[in-house]
Amino acid sequence: MSSWTKESILASAKTEKVNFVRLMFTDLFGVIKNVEIPIAQLEKALGNDMMFDGSSIDGFARIQESDMHLHPDLSTWLIFPEVYGGARIARLICDVYKDGKPFAGDPRSNLRRIVARMNELGFSRMNLGAEPEFFLFKLDEEGLPTTQLNDNGGYFDFAPLDMAENCRRDIVIELEKLGMGVEAAHHESAPGQHEINFKYDEVLAACDKIQTFKLIVKTVARKHGLYATFMPKPIAAIAGSGMHSNISLFDKDGNNAFYNESDRLGLSKTAYQFLAGVLHHAPDFTAIANPTVNSYKRLTRGHEAPVFIAWSPSNRSPLVRIPASRGMSTRIELRSVDPSANPYLALAAILTAGLDGIKRELAAPDSVEDNIYTMTKEELEARDIRALPRSLQSALDNFTSSELMQEALGEHISKRFAEAKYQEFEEYRSSVHTWELKRYMSLL
């Protein structure tokens, strides 16, 4: 975390001739919102005196309880490098408060609550390294997104197969200007699909980075006449987009709590217990990690997306993989999360699941070295390998019946999220899709 203060932010804004400040926050469904203020209002905002109407934000509040305050997190002060219409713009990411207390419906504040619980158990921080993938589509003459991909490239291709090299490079340049610490950028396996990896961070700051990343990707893509989408499965016959999440815990002395050099795999008792908690509760947090109807078009056999609940130190077909790095880099990689997820909610749920494994001293099942995709139903049952939920409705049923997940998100978020997502699934279920028309119209 940076050490910005109210005074240093005001000085920075003056020196850099900032004209406007975006007070940003995230709604229940992961959509970035903002209240933009002229620089003259910055001191007021830094005093936590900026109000907004919470009833206008999905899942936040009813109209009779709508007045809320934005409390800027000073560590998130950032000046955007580009000048927009002659104006210099900065941003502060905010927590939402109501009646002088953190608002129960604010995803970021809720993650803070779970992190505090982690601290009480003796861990100083959770690191998150996220790997969000995205697709680039062409725009039509009116500037609207089409379903036409911009290239036919595959893994690690470059021009002329990868037609988005310049766009991806410009995204990296913008991210670097913002201090995101980009580690690698490349074309992914599917045509038009890309991945840019940035440096891990403490979980709250890492979730802030995910939201900033999405904003930059979409903005730069537009300048190249392209539309960037984090939809998990925009095209049926090719790979979908995931957001693999690399997770590790650190003790109060700054040591990686997942590492044990004496273990055969270099994993500590804490790591195995955390892993066991994640595997045990995976069906319950899937609705949060994969929150759209479209998410479950990705979670199918093939294209390396996980379908079954298992783990492996090397195999990429299970839900959790253990990357080869050890020492301070020891971590687990959860492969089910997709970029449509609200990162604050997803990581609150996943962290709660792992901590439950530690508190209950759960034992991790045996690792799976075989290709799970080719296993028969009988082979899966013999090894007690469960499947992830196959639809949003199934995932919601698991989520709403889990007391742990309800507690992880709190009553307000859990109730509002489930209500909205059940309605979303019902709208999908009652719609007639192109596949149905092609399949049945001429036969019946």
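Attention here is on the structure that accompanies the text. (Residues numbered from 1 in each chain as written. Predicted model: local features only at pLDDT ≥ 70, side-chain atom pairs only at ≥ 80, totals over all residues. Heavy atoms only, no water.)

A tally of regular secondary structure across the protein gives twelve helices and 19 strands. Relative to the compact-globule value of 22 Å for 444 residues, the protein shows a C-alpha radius of gyration of 22 Å, a close match. With respect to the three principal axes, the spread of C-alpha positions in the protein is 70 × 60 × 45 Å. Across the 444 residues in the protein, those meeting the buried criterion constitute 54%. Excluding contacts between residues fewer than 6 apart, the proportion of contacts in the protein whose partners are at least 24 apart in sequence is 69%. Split by element, the accessible area of the protein, about 20,000 Å² in all, is 50% carbon and sulfur. Side-chain charges in the protein split into 50 positive and 60 negative, and the spacing between the mean points of these groups amounts to 1 Å. (Helix = DSSP H or I, 4+ residues; strand = E, 2+ residues; numbered from the N terminus. Rg over C-alpha atoms; globule rule 2.2 N^0.38 Å. Buried < 20%, exposed > 50% of the residue type's maximum accessible area, 1.4 Å probe, protein only. Contact = heavy atoms within 4.5 Å. Areas by Shrake-Rupley, 256 points an atom, 1.4 Å probe, with all protein chains shown as cover. Lys, Arg positive; Asp, Glu negative; His and termini not counted. Charge placed at Lys NZ, Arg CZ, Asp CG, Glu CD.)

We now examine the nonpolar core. Counting residues in hydrophobic clusters, the biggest one holds 90 residues, and the most contacted among them are Leu249, Phe285 and Val320. If one sorts the elements of this core by residue count, helix H8 (residues 343-359) sits on top with eleven residues. With residues near it in sequence (within four places) discarded, valine 320 still touches Leu275, Val278, Leu279, Ala310, Trp311, Ser312, Ile332, Glu333 and Leu334. The next biggest cluster of nonpolar side chains, apart from the first, holds 23 residues, and it includes Leu42, Met50, Met68 and Ala90. (Core = buried A, V, L, I, M, F, W, Y, C linked by side-chain atoms within 4.5 Å.)

What follows covers the packing of helix H6 (residues 269-289) against H8. The geometry of H6 relative to H8 is characterised by a closest axis approach of 6 Å and an angle of 140 degrees between their N-to-C directions. Considering their axes alone, H6 and H8 lie oblique with respect to each other. In this structure, H6 meets H8 at a crossing whose hand is right-handed. In contact with Thr270, Gln273, Phe274, Gly277, Val278, His281, Phe285, Ile288 and Ala289 of H6, H8 contributes Leu345, Ala346, Ala349, Ile350, Leu351, Ala353, Gly354, Leu355, Asp356, Gly357 and Ile358. (Axes fitted to C-alpha atoms, helices over the stretch in contact; angles between N-to-C directions. Parallel < 35°, antiparallel > 145°, perpendicular 65-115°, else oblique. Left-handed = near helix turned anticlockwise from the far one by under 90°.)

Quick look at the pattern of salt bridges now. Tallying each qualifying case throughout the model produces 19 salt bridges. A salt bridge links glutamate 407 to arginine 117, with the shortest nitrogen-to-oxygen separation between them at 2.5 Å. One end of the pair, glutamate 407, is in helix H11 (residues 403-429); the other, arginine 117, is in helix H3 (residues 107-120), with 290 residues separating them in the sequence. When its relative accessible area of 32% is taken as the criterion, glutamate 407 is described as partly exposed. Two residues, arginine 383 and aspartate 370, come together in a salt bridge whose shortest N-O distance is 2.9 Å. With arginine 383 in the loop between helix H9 (377-382) and strand E19 (386-387) and aspartate 370 in the loop between H8 and H9, this pair connects stretches of sequence that are 13 residues apart. (Salt bridge = Lys/Arg side-chain N within 4 Å of Asp/Glu carboxyl O.)

This brings us to the environment of phenylalanine 198. Among the structural elements, phenylalanine 198 can be located in strand E11 (residues 193-198). Judged by its relative accessible area of 4%, phenylalanine 198 is buried. Spatially, the C-alpha atom of phenylalanine 198 lies 20 Å from that of isoleucine 350, the residues being 152 residues apart in sequence. In contact with phenylalanine 198, not counting residues within four places along its chain, are Pro132, Met180, Gly181, Val182, Glu183, Lys209, Ile210 and Phe213.

A separate point is the packing of H6 against H11. In helix packing, the relevant descriptors are the interaxial angle and the interaxial distance, both defined with respect to the helix axes. Closest axis-to-axis distance for the H6/H11 pair is 12 Å, and the angle between their directions is 30 degrees. When the axes of H6 and H11 are compared, the pair comes out roughly parallel. By crossing handedness, the relation of H6 to H11 is classed as left-handed. On H11, the residues touching His281, Asp284, Phe285, Ala287 and Ile288 of H6 are Leu404, Met405, Leu409 and Phe417. By residue class, the composition of the contact of H6 with H11 is seven nonpolar, one polar and one charged. (Nonpolar A, V, L, I, M, F, W, Y, C, P; charged D, E, K, R; others polar.)

Turning our attention to a nonpolar patch on the surface. A cluster of nonpolar side chains, Trp435, Tyr440, Leu443 and Leu444, forms an exposed patch at the surface whose accessible area comes to about 540 Å². By secondary structure assignment, the location of tryptophan 435 is in helix H12 (residues 434-440). (Patch = residues over 30% accessible without salt bridge, like charges linked within 9 Å, V, L, I, M, F, W, Y side chains within 5 Å.)

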